[in-house]
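Okay, here's what each chain looks like letter by letter:
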Amino acid sequence: MKIRIATTLALLLLGFAAVSFTQTATAQSGAGWVTLFDGKNLDNFNKVGDANWRIEDGSAVADKGAGHLVSKASYGDFQLRVEFWADEVVNSGVFIRATDPEKVGTKTAYEVNIWDQRPVQEYGTGALVDLGKVNPMPKAGGKWNVFEITAKGSSFTVVFNGQKTVDNAQDSKFANGRISLQKGFGLKDDKGVASDKGVIKFRKVEIKAL
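Residues numbered from 1 in each chain as written. Predicted model: local features only at pLDDT ≥ 70, side-chain atom pairs only at ≥ 80, totals over all residues. Heavy atoms only, no water.

Brief notes about the overall build of the protein
Right, on to step 1. What the protein contains, in helices and strands, is one helix and 13 strands.
Right, on to step 2. When the helices and strands of the protein are placed in sequence order, the string is α-β-β-β-β-β-β-β-β-β-β-β-β-β.
Right, on to step 3. Relative to its full complement of 210 residues, the protein shows a buried share of 43%.
Right, on to step 4. Counting only contacts in the protein whose residues sit at least 6 apart along the sequence, the fraction spanning at least 24 positions is 60%.
Right, on to step 5. When the accessible surface of the protein is split by element, carbon and sulfur atoms take 53% of a total near 11,200 Å². (Helix = DSSP H or I, 4+ residues; strand = E, 2+ residues; numbered from the N terminus. Buried < 20%, exposed > 50% of the residue type's maximum accessible area, 1.4 Å probe, protein only. Contact = heavy atoms within 4.5 Å. Areas by Shrake-Rupley, 256 points an atom, 1.4 Å probe, with all protein chains shown as cover.)

Here it is in structure tokens:
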């Protein structure tokens, strides 16, 4: 009986140690990461523009208008993870180091593009607009995707679904600024009117300071 009790206690201790180790390893793997959006609320962002952002099924969704979700905090050097779903026609993007939170664009920020139908596709989905070309351009439409964006000093790297699309692009215009999630205008019709059609969803946004 004593041997059985001792054996049982030893197994329990080993199990506890294994669980503790797993929990510690998980915590360490997430060390330094801060969640900006977890599907529950937009408390870390301000809405700019007239895009119809709302929370649906754990995602920030917009399918009308054009505008941005602009982070309330600014960031310099960081790693950024963004999970998103885009349809084939939507013009969207993730802007980083946005220096003017009321006028987010490529003149005041860096844009990692989400736009499968961009006329100049070398700066379409997966590209750093005007700085880091992508060839061939990957497609984001109709599925969930992940951007991993690294900004350190004047160097920028973009990984799209595990594929490096921008490798060490260089620019030093903007050293610090906001993160912005975009719902933009797409292609113009024959009357020159830009379309606001398309759906963009953001499911999770995390950032880690470097």
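What follows continues from the structure just given.
Points about the environment of N135
Right, on to step 1. You can see N135 is positioned in the loop between strand 8 (110–114) and strand 9 (143–152).
Right, on to step 2. Take N135: its relative accessible area is 76%, and that puts it in the exposed class.
Right, on to step 3. Placed 31 residues apart in sequence, N135 and V166 show a C-alpha to C-alpha distance of 9.7 Å.

Focus on the side chain of K183
Right, on to step 1. Mapped onto the elements, K183 comes out in strand 12 (residues 177–183).
Right, on to step 2. One buried charged residue, K183, remains without a salt bridge, the closest side chain of opposite sign being D196 at 5.2 Å.
Right, on to step 3. Looking at K183, its side chain comes within polar contact range of the main-chain oxygen of G65, at 2.9 Å. (Lys, Arg positive; Asp, Glu negative; His and termini not counted. Salt bridge = Lys/Arg side-chain N within 4 Å of Asp/Glu carboxyl O. Polar contact = N/O pair within 3.5 Å; in protein donor to acceptor, adjacent residues only side chain to side chain.)

Here's the deal with the sheet that holds strand 5 (residues 67–75)
Right, on to step 1. Spatially, 2-5-12-7-8 is the arrangement adopted by the five strands of the open sheet, whose pairing is antiparallel. Both outer strands of the open sheet, strand 2 (45–49) and strand 8, are each paired with one neighbouring strand and no more. Taking the axes of each pair of neighbouring strands and ignoring which way they run, one obtains an average angle of 20 degrees across the sheet. (Pairing = 2+ DSSP bridges. Axes fitted to C-alpha atoms, helices over the stretch in contact; angles between N-to-C directions.)

Here's the deal with the pattern of salt bridges
Right, on to step 1. If you walk through the whole model with that rule in mind, you get nine salt bridges.
Right, on to step 2. Across the salt bridge formed by R54 and D63, the nearest N and O atoms sit 3.1 Å from each other.
Right, on to step 3. The residue D171 makes a salt bridge to K173 at a minimum N-O spacing of 3.0 Å.
Right, on to step 4. Judged by relative accessible area, D171 falls into the buried class, the value being 16%.
Right, on to step 5. One network of salt bridges, with partners in common, ties together R54, E56 and D63.

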